[in-house]
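Listed here are the chains, written in short residue letters.
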Amino acid sequence: FFCFVFSSWSFFFFQIWWAAGIMFQDITTLLLDHKAFKDTVDIFVDRYRDMGISVVAGIEARGFVFGPSIALAIGAKFVPLRKPNKLPGEVISEAYVLEYGTDRLEMHVGAIEPGERALVIDDLVATGGTLSAAVRLLERMGAEVVECACVVGLPEGQRRLDGKPLYILVEPR
Ligand code: 5GP
């Protein structure tokens, strides 16, 4: 099954080489194909439908592409985890390390009740630094993070996910 998924989807990921030699995995071509986009969402929905998840937390910006559809289908709410100074209400924030510098994710206070079961979704995981910050945010609000999920997982040697389960659909070579 996963061989089929990989061979059909890998076509959609354009790989753009930057002058610096960094390869960017672009998911926008996947979104142009209705069947591929729907299949992607459906795989997540089938996996998380019966796990008692009440929160889907999506990471800005591309976690917003997949997260709301999954949340609607499994009967959960969607909570955006945003870049600094974007959310209008009171927020808590978590810093994380990037290749060059640091960044922060923010979440509205009161978006999650203690004890809620949460899924974290993003388009891609590389080092895992962004997902780890998301997990810390949710756990500070008392949520139980069931799993992190991404469409693409870059083959990093060591991911900083602090032992949280990670579910990925495709690993480009
Ligand atoms: P990490 O924190 O795991 O090192 O980086 C993952 C974050 O950076 C995700 O939010 C992801 O959207 C973004 N990102 C890093 N590299 C790429 C890439 O090649 N393609 C895409 N679509 N996102 C990337």
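Everything below is about the structure shown above.
Residues numbered from 1 in each chain as written. Predicted model: local features only at pLDDT ≥ 70, side-chain atom pairs only at ≥ 80, totals over all residues. Heavy atoms only, no water.

1. Thoughts on the site of the ligand
Test applied: Distances are taken per atom, and a residue is near a molecule or strand as soon as one of its heavy atoms is within 4 Å of it. Throughout this description, a polar contact denotes any pair of N or O atoms lying within 3.5 Å of each other; where both atoms belong to protein, one of them has to be capable of donating a hydrogen while the other can accept it, and for residues adjacent in sequence the pair is counted only when both atoms sit in side chains. For every accessible area listed, the method is Shrake-Rupley and the probe measures 1.4 Å; residues are considered covered only by the protein chains on display. Strands here are runs of E lasting at least two residues and helices are runs of H or I lasting at least four, both read from the DSSP assignment and numbered beginning at the N terminus. Residues are grouped as follows: Ala, Val, Leu, Ile, Met, Phe, Trp, Tyr, Cys and Pro are nonpolar; Asp, Glu, Lys and Arg are charged; all remaining types, including Gly, are polar.
Residues in contact with the ligand amount to 13 residues; listed here are only the nearest, Gln25, Asp122, Asp123, Thr127 and Thr130. In the model, an oxygen atom of the ligand is placed 3.5 Å from a nitrogen or oxygen of the Gly129 main chain. The fraction of the free accessible surface of the ligand (510 Å²) that becomes covered by protein chains is 83%. Of all the secondary structure elements, the ones that give two or more residues to the shell around the ligand are β2 (23-26), β7 (117-125) and α5 (129-140). In terms of residue count, β7 provides more of the shell around the ligand than any other element does, 4 residues in total. In terms of residue class, the shell around the ligand is built from 5 nonpolar, 5 polar and 3 charged.

2. Focus: the sheet that holds strand β8 (residues 144-153)
Rules: By definition, two strands form a pair when at least two bridges between them are found by DSSP. Helix axes are fitted to C-alpha atoms over the stretch in contact, other axes to C-alpha atoms as well, and angles between N-to-C directions run from 0 to 180 degrees. Contact criterion: two residues are considered in contact whenever any of their non-hydrogen atoms come within 4.5 Å of each other.
The sheet built from 5 strands is open, its strands ordered β4-β3-β7-β8-β9 with parallel pairing. Of all the strands in the sheet, the pair left with one neighbour each is β4 (77-81) and β9 (166-170). Going from strand to strand, the sheet's axes swing by 25 degrees on average, the running direction of each strand aside. Seen against the sheet, helix α3 (residues 34-48) touches β7, β8 and β9 and runs at an angle of roughly 155 degrees to β8.

3. Quick look at the side chain of Glu106
In this fold, Glu106 is placed in strand β6 (residues 101-108). At 2.8 Å, the side chain of Glu106 forms a polar contact with the side chain of Arg104. For Glu106, the contacting residues outside a window of four places in its chain are Pro80, Leu81, Arg82, Lys83, Pro84, Asn85, Lys86, Leu87, Val91, Ile92, Ser93 and Leu137.

On their own, these measurements won't tell you what the molecule is for.
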